[in-house]
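The lines below spell out each chain.
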Amino acid sequence: MQRRAQREQPERAKRLTRVLVCAAAVPVMLVAAGCSSDSGSDGGGKAASASASASPSPTVQAAAYRTLPEACGVLTKKTLKELAPKAKSGKEGSSDDVASRASCSWSSLDNNGVKGSQFRWLNVSLLRFESDTTRGPGDKLAEEYYDKQVREVRATPGAKSLSAQALTGTGDEATAVRYDLKKKEGTFKQQTVVARVENVVVTLDYNGAGLAGDKTPDADALMADAKKAAKEAVLSVTRANGPGAASGSPSAPASGRPSAPASGAPSASASGKS
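Residues numbered from 1 in each chain as written. Predicted model: local features only at pLDDT ≥ 70, side-chain atom pairs only at ≥ 80, totals over all residues. Heavy atoms only, no water.

Student: Please provide a residue-by-residue account of the overall build of the protein chain, values included.
Tutor: Helix and strand counts for the protein chain come out as four helices and seven strands. Out of the 274 residues in the protein chain, the part that is buried amounts to 39%. Intrachain contacts of the protein chain at a sequence separation of at least 6 include 66% that bridge at least 24 residues. As displayed, the protein chain has an accessible area near 15600 Å², and 53% of this comes from carbon and sulfur atoms. (Helix = DSSP H or I, 4+ residues; strand = E, 2+ residues; numbered from the N terminus. Buried < 20%, exposed > 50% of the residue type's maximum accessible area, 1.4 Å probe, protein only. Contact = heavy atoms within 4.5 Å. Areas by Shrake-Rupley, 256 points an atom, 1.4 Å probe, with all protein chains shown as cover.)

Student: Lay out the sheet that holds strand E4 (residues 160–167) in plain terms, naming residues and giving numbers.
Tutor: An order of E1-E2-E3-E7-E6-E5-E4 is seen for the seven strands of this open sheet, with the pairing classed as antiparallel. Edge positions in the open sheet fall to strand E1 (91–92) and E4, since each of these has one partner strand only. Judged from the 12 bridges that link them, strand E3 (residues 117–128) and strand E7 (residues 200–211) form a sheet pairing that is antiparallel. Bridging from a neighbouring strand, Arg 120 pairs with Gly 208 of E7. (Pairing = 2+ DSSP bridges.)

Student: Go over the pattern of salt bridges, please, and point to the residues and values.
Tutor: Inspection of every chain in the model, using the stated rule, returns nine salt bridges. The shortest N-O distance in the salt bridge between Arg 128 and Glu 130 comes to 3.2 Å. Summarising the burial analysis for this pair, Arg 128 and Glu 130 share the class buried. Here the salt bridges do not stand alone but share partners, grouping Lys 78, Glu 82 and Lys 228 into one network. (Salt bridge = Lys/Arg side-chain N within 4 Å of Asp/Glu carboxyl O.)

Student: I'd like to hear about the nonpolar core, residue by residue, with values.
Tutor: Of all hydrophobic cores here, the largest spans 34 residues; its most connected members are Leu 75, Trp 106, Leu 122, Val 124, Leu 126, Val 202 and Leu 204. Secondary structure elements with two or more residues in this core: helix H2 (77–83), strand E2 (101–111), E3, strand E5 (173–183), strand E6 (186–197), E7 and helix H4 (219–240). Element by element, the count of residues in this core is highest for H4, at eight residues. Excluding residues that lie within four positions of it along the chain, Leu 126 makes contacts with Leu 68, Pro 69, Ala 71, Val 74, Ser 100, Arg 101, Ala 102, Val 201, Val 202 and Val 237. (Core = buried A, V, L, I, M, F, W, Y, C linked by side-chain atoms within 4.5 Å.)

Student: How would you sum up the side chain of Thr 79? Please name residues and give values.
Tutor: Mapped onto the elements, Thr 79 comes out in helix H2. At 2.8 Å, the side chain of Thr 79 forms a polar contact with the side chain of Glu 232. (Polar contact = N/O pair within 3.5 Å; in protein donor to acceptor, adjacent residues only side chain to side chain.)

Student: Give me the environment of Gln 165: which residues, what numbers.
Tutor: Relative to the helices and strands, Gln 165 resides in strand E4. What makes Gln 165 partly exposed here is its relative accessible area of 37%. Once the C-alpha coordinates of Gln 165 and Ala 176 are considered, the two residues, 11 residues apart in sequence, prove to be 5.4 Å apart. Not counting residues within four places of it along the chain, the set of residues in contact with Gln 165 comprises Ala 174, Thr 175, Ala 176 and Lys 227.

Shown next as structure tokens:
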């Protein structure tokens, strides 16, 4: 019996040793698993943080001109006396935002009794474009509208003997278009000058006719007057915005204010004039 007990003691000791070894191994495995889990969590957090960086706000070149002059005041009294001598005052066009769109017209009828009469009609339209992050810089929008205006004038229904020429010294770009338009009252000599200066488009219409038997006015003289008046109107736009306004502000944030729609500008077509 004693020898049997002695043999069993080493066996129990071996089993106890194995149990202790296994028990010690369990915490080691748990610690290793915990370290592995923490490491993976850290990497994911850093990646999420990097991808969540805010994108910069969109910017666009600020428009050079921020206002318009009073439409009925863009021409001097001397010029108005020459172009529309019998006009008492200008008629301002309706506008819900005179800083973006404005117009003024003058009608002159010089009645010579039985010899007939001389009619003159003058109109100046101003349209200013704001820079917009979606549509682009104001000067580019004005350039697009300028091209559209010139195309529309050249496509005036019923226009006869139409000709067009590019002008220099009148804003950044300008085009003069002339044509004849026959109406029941007589033949009207139409002169239209479309000019762009920075983000503003100026459209000047000037026509004349000899009515009731009076002679038809000279088209060359009318065009010379129209060019002079258009240059004067462009200069008024520049002066209204002060010196240095054309330099603009590079990379300025867009104002968010919508650009003036082209459809809101007075038409340059002379088909409805009389």
